[in-house]
Amino acid sequence: MKEIAASATGKGGKHKRSDTSDEDDEFHDPITYELMCDPVKGSDGHTYDRWTIIDNDMTQSPFDQRKDKVFVIACDDINVRGRLFERYQSSGVQERFHARRESYREQALMLACAGSQELDVEVLKMLDHVLKWADDDLECRELRESIAERMRNQHRRSRRDSISISFTPFGSGRRESVSSASEVRHIRSRHDAGDDLHLHLPARDAPIPTRDESRDQTQDESAQPGCLFALVILVGVGLCYLLSSARRKHDDEAQRRSD
């Protein structure tokens, strides 16, 4: 990103200018200074070639280095694109425009159909790019929703039936993860009866981002009754040990007083 920013600015922070005339500047990418074929408007208000942003995985504007500023493709710059196609009609820029989009879409579909979970995050990004210019592409949309749902299910499976129990022997914390009542008994047997027992329940699963923010509400409906039942059992077992420990402390103190 620093290299991209450096290419976009000269010394003293002034923007570089290409050798083209002022009239042609709007048709050249501010990063590569090459003739654009698919101009888009960035969230920073500048116009870029779509493939400069995608190929460099740009997440920050080269003209605004503040880390709290999210950089994304806002929309197609149809005004610049119309003038570009009209001015460079004989240069084949319109053919490159269609060829790059079609090639990128085919690659996204190929990777999505391959079903490799290791590439799910990257495939989602590619499908989102395609849907950015073709919101009515049903094939890409269905594949995107299918992969997102698979990632959500995988995330829930990796987190279910797991709680964290923290023992504090002699004031030093030690936390161990368990997934069954038998593991609770095994861990508890390795500690003195006087150790403090604290239960830390897992946080709610972080939702997988979707294109429509309204779908985040469906996360609350995804809890599985079996997981909740297992969690209640584990919490009950932990509380039983806590009460047993407190009662044992009380009996020991009573015994010492009677002696």
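The structure this text deals with has already been given above.
Here goes a summary of the coordinates provided. (Residues numbered from 1 in each chain as written. Predicted model: local features only at pLDDT ≥ 70, side-chain atom pairs only at ≥ 80, totals over all residues. Heavy atoms only, no water.)

## Quick word on the pairing of strand 1 (residues 39-42)
Part 1 of the reasoning: Sheet topology note: the strand 1/strand 2 (residues 47-49) ladder contains three bridges and is antiparallel. Paired with Pro39 across the bridge in strand 2 is Asp49.
Part 2 of the reasoning: If you look at the hairpin formed by strand 1 and strand 2, you'll find four residues sitting between the two strands, and Gly45 has a positive phi there, around 95°.
Part 3 of the reasoning: Where strand 1 lies against strand 3 (residues 73-76), three bridges are found, and the strand directions are antiparallel. Each bridged residue has a counterpart across the sheet, and for Lys41 the counterpart in strand 3 is Cys75. (Pairing = 2+ DSSP bridges. Helix = DSSP H or I, 4+ residues; strand = E, 2+ residues; numbered from the N terminus.)

## What about the nonpolar core?
Part 1 of the reasoning: Tyr104, Leu127 and Ile147 are the most contacted members of the largest nonpolar core, which has 27 residues in total.
Part 2 of the reasoning: Residues in contact with Tyr104, not counting those within four places in the same chain, are Trp51, Ile54, Met126, His129, Val130 and Trp133.
Part 3 of the reasoning: Core analysis: the second largest hydrophobic core is formed by seven residues, Ile31, Tyr48, Ile53 and Met58 among them. (Core = buried A, V, L, I, M, F, W, Y, C linked by side-chain atoms within 4.5 Å. Buried < 20%, exposed > 50% of the residue type's maximum accessible area, 1.4 Å probe, protein only. Contact = heavy atoms within 4.5 Å.)

## Observations concerning the side chain of Asp38
Part 1 of the reasoning: Structurally, the position occupied by Asp38 is in the loop between helix 2 (22-25) and strand 1.
Part 2 of the reasoning: When residues no more than four places from it in sequence are discounted, the contact partners of Asp38 are Tyr48, Asp49, Arg50, Trp51, Arg81, Phe97 and Arg101.

## A closer look at unusual backbone geometry
Part 1 of the reasoning: In this model, Tyr33 sits at a positive phi of 65°, which is unusual for a non-glycine residue.
Part 2 of the reasoning: Relative to the helices and strands, Tyr33 is located in the loop between helix 2 and strand 1.
Part 3 of the reasoning: Located in the positive-phi region is Asp57, a residue other than glycine, with phi close to 50°.

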